[in-house]
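These are the residues of each chain, in order.
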Amino acid sequence: MEAIGRLAGGVAHDFNNMLGVILGHVDMAMEDLPTGDPLHNSLQEINRAAERSAKLTRQLLAFARKQMASPRVIDLNDIVSATASLLQRLIGESIKLVWRPGAYVHPVKLDPTQLEQILVNLCINARDAIDNMGQIIIETGNTSVDDISTCTINECLPGDYAILRVRDNGCGMDQDTMTNLFEPFFTTKDIGKGTGLGLATVYGIVRQNNGFIKVESEVRQGATFTIYLPRHHVEPESSPNTPDRESDRTPDTILLVEDEQMNLTMVKLILERQGFRVITALTPNEAIIRANEHEGDIRLLLTDVVMPEMNGRDLAIRLLNRHPGIKVLYMSGYTDDIIARHGVLEEGLHFIQKPFTSGALIAHVKKMLDQDNAPN
């Protein structure tokens, strides 16, 4: 599994870099086309194909447990619907997959890739419990827990929850099996047919996101896994009373450091189209020279993490000594274990995972820069 993870991480890095170039240039081309241009549909198809490819990369990393965790507010129905075709391929043609989405399901805050990993592991577990032909049902809905004393599930807390339920008509489980169900490396499968990590991973993800799991099963009566995820209450946006920063201020200067020339050129174009002044460097040492030669403030360092000469974190430390007001945004297509080794997953540091769209990059950059410009 570790060897697969290393291979997946290396493939993902190179693939993510290429996808980032495709997504960035397609975004810019679509912005330049007049409304109704016949090329617009073709570019949209290229964009959809690139986004699907990026999703496949995330799924590969999910299997190897190497993906970055990036929680965001999601709709369970959207993610399950998008994953259904993958799940059907995983469980095979002899097992029927039934998808029953609930109405007005509460929003939850969760990394979509982690939700996909939950679905994959539960469906594989259900598939292995079914002898030949059978059925797996996926359902979503809402529920409330009013009083902890009325809840029979361990770690249950009062509140509103969105629920994700996966049930099968397989062989079911006895009480002893259910007692050890989420223990790492516990498996009832034959040697070579299971690692015992699938349900342990599901449990870890759910608890990490402040949820809990209820399991119901009897021998020869199938099994039902119900996952409770806390409802995310969306805070109302504050009224846009702040002045337009582009009209009131001189263009901000960004130091961009990226050792892949295609990525460097693409990101530079995206930033310049938004009115930023961009200083580019292919290596950290070149970045230090360019920063020292520049007259005036550099508001933001946008740097790759893994590079020759020194990593992005060491570069940021060197620059902060001479430019103490500079903000730092890291980017990488590598997996989380490699990024962590370079000190970029520490709390309070800003990071964007490749491949990213031009809209996502600009939103992240502006949010960081506008923090200084917000009124007291």
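Residues numbered from 1 in each chain as written. Predicted model: local features only at pLDDT ≥ 70, side-chain atom pairs only at ≥ 80, totals over all residues. Heavy atoms only, no water.

A. Representation of the overall build of the protein chain. Across its full length, the protein chain carries twelve helices and twelve strands. Within the protein chain, residue pairs in contact and separated by at least 24 positions form 72% of the contacts whose partners lie at least 6 positions apart. With the model as given, the accessible surface of the protein chain reaches about 19,900 Å², and the carbon-plus-sulfur share is 51%. (Helix = DSSP H or I, 4+ residues; strand = E, 2+ residues; numbered from the N terminus. Contact = heavy atoms within 4.5 Å. Areas by Shrake-Rupley, 256 points an atom, 1.4 Å probe, with all protein chains shown as cover.)

B. Representation of the sheet that holds strand 12 (residues 350-353) within the structure. Strand order in the open sheet formed by five strands is 9-8-10-11-12, and the pairing between neighbours is parallel. Lying at the two open borders of the sheet, with one neighbouring strand each, are strand 9 (277-281) and strand 12. Adjacent strand axes in the sheet meet at a mean angle of 20° when their direction is disregarded. As paired elements, strand 10 (residues 300-304) and strand 11 (residues 327-332) share five bridges and run parallel to each other. By the bridge assignment, Leu301 is partnered in strand 11 with Val328. Sitting on the sheet, helix 8 (residues 261-273) is in contact with strand 8 (253-257), strand 9 and strand 10, with an inclination near 170° to strand 9. Those strands touched by helix 9 (residues 284-293) are strand 8 and strand 9, and its axis lies near 140° from that of strand 9. (Pairing = 2+ DSSP bridges. Axes fitted to C-alpha atoms, helices over the stretch in contact; angles between N-to-C directions.)

C. Geometry of the environment of Lys109. Structurally, Lys109 can be placed in strand 3 (residues 108-110). In this structure Lys109 comes out as partly exposed when scored by relative accessible area, which is 45%. (Buried < 20%, exposed > 50% of the residue type's maximum accessible area, 1.4 Å probe, protein only.)

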